[in-house]
Amino acid sequence: SEGTKYGCGHYQVTRKVRKIDCNSPYCIHSVRHSPNCMDCHCERYLGPDLKETITFTTTNYCASCQYWFKGPGAQHIR
């Protein structure tokens, strides 16, 4: 994937690139997953990307961290 690296350390994907097949029969995204899987409870989310290419770096926090560390959710020192 390609994405932005924030000052808080988080990485946000901005563009997905080619996925590599994990070859697991328990992953619905793999070619090895059975098309006849009854009542499928197999893994539905692809794991971490093989490679994360940082296309932009910023000192700003991501939206979630901005709220908790610098916004209304932040603890204020008395």
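Look above for the structure.
Model, not experiment: these values are computed from the prediction. (Residues numbered from 1 in each chain as written. Predicted model: local features only at pLDDT ≥ 70, side-chain atom pairs only at ≥ 80, totals over all residues. Heavy atoms only, no water.)

Draft legend 1. Spotlight on the overall build of the chain. Counting its regular elements, the chain contains one helix and three strands. In sequence order, the secondary structure elements of the chain are arranged as β-β-β-α. By residue count, 21% of the 78 residues in the chain fall in the buried class. Here the contacts in the chain between residues at least 6 apart in sequence split such that 44% fall between residues at least 24 apart. Of the roughly 6,700 Å² of accessible surface on the chain, a fraction of 54% belongs to carbon and sulfur atoms. (Helix = DSSP H or I, 4+ residues; strand = E, 2+ residues; numbered from the N terminus. Buried < 20%, exposed > 50% of the residue type's maximum accessible area, 1.4 Å probe, protein only. Contact = heavy atoms within 4.5 Å. Areas by Shrake-Rupley, 256 points an atom, 1.4 Å probe, with all protein chains shown as cover.)

Draft legend 2. The side chain of Ser30, seen in detail. Along the chain, Ser30 turns up in the loop between strand S2 (11–15) and strand S3 (53–57). Among the polar contacts made by the side chain of Ser30, one reaches the main-chain amide nitrogen of Arg32 at a distance of 3.1 Å. Ser30 has contacts with Asp21, Cys22, Asn23 and Ser24, leaving out every residue within four places of it along the chain. (Polar contact = N/O pair within 3.5 Å; in protein donor to acceptor, adjacent residues only side chain to side chain.)

Draft legend 3. The arrangement of the sheet that holds strand S1 (residues 2–5) in detail. Within the open sheet, the three strands sit side by side as S2-S1-S3. Their pairing is mixed. Each edge of the sheet is formed by a strand with only one pairing partner; in this case those strands are S2 and S3. Neighbour-to-neighbour, the strand axes of the sheet open up by a mean angle of 40 degrees, direction not taken into account. Summarising the sheet, S1 and S3 pair through four bridges and their orientation is parallel. Within S3, the residue paired with Gly3 across the bridge is Ile54. (Pairing = 2+ DSSP bridges. Axes fitted to C-alpha atoms, helices over the stretch in contact; angles between N-to-C directions.)

Draft legend 4. Looking closely at the pattern of salt bridges. This model, assessed by the stated rule, comprises one salt bridge. Here Arg15 makes a salt bridge to Glu2, at a shortest N to O gap of 2.9 Å. Taken as a pair, Arg15 in strand S2 and Glu2 in strand S1 lie far apart in primary sequence, 13 residues in all. Residue classification places Arg15 among the partly exposed positions, given a relative accessible area of 45%. Judged by its relative accessible area of 22%, Glu2 is partly exposed. (Salt bridge = Lys/Arg side-chain N within 4 Å of Asp/Glu carboxyl O.)

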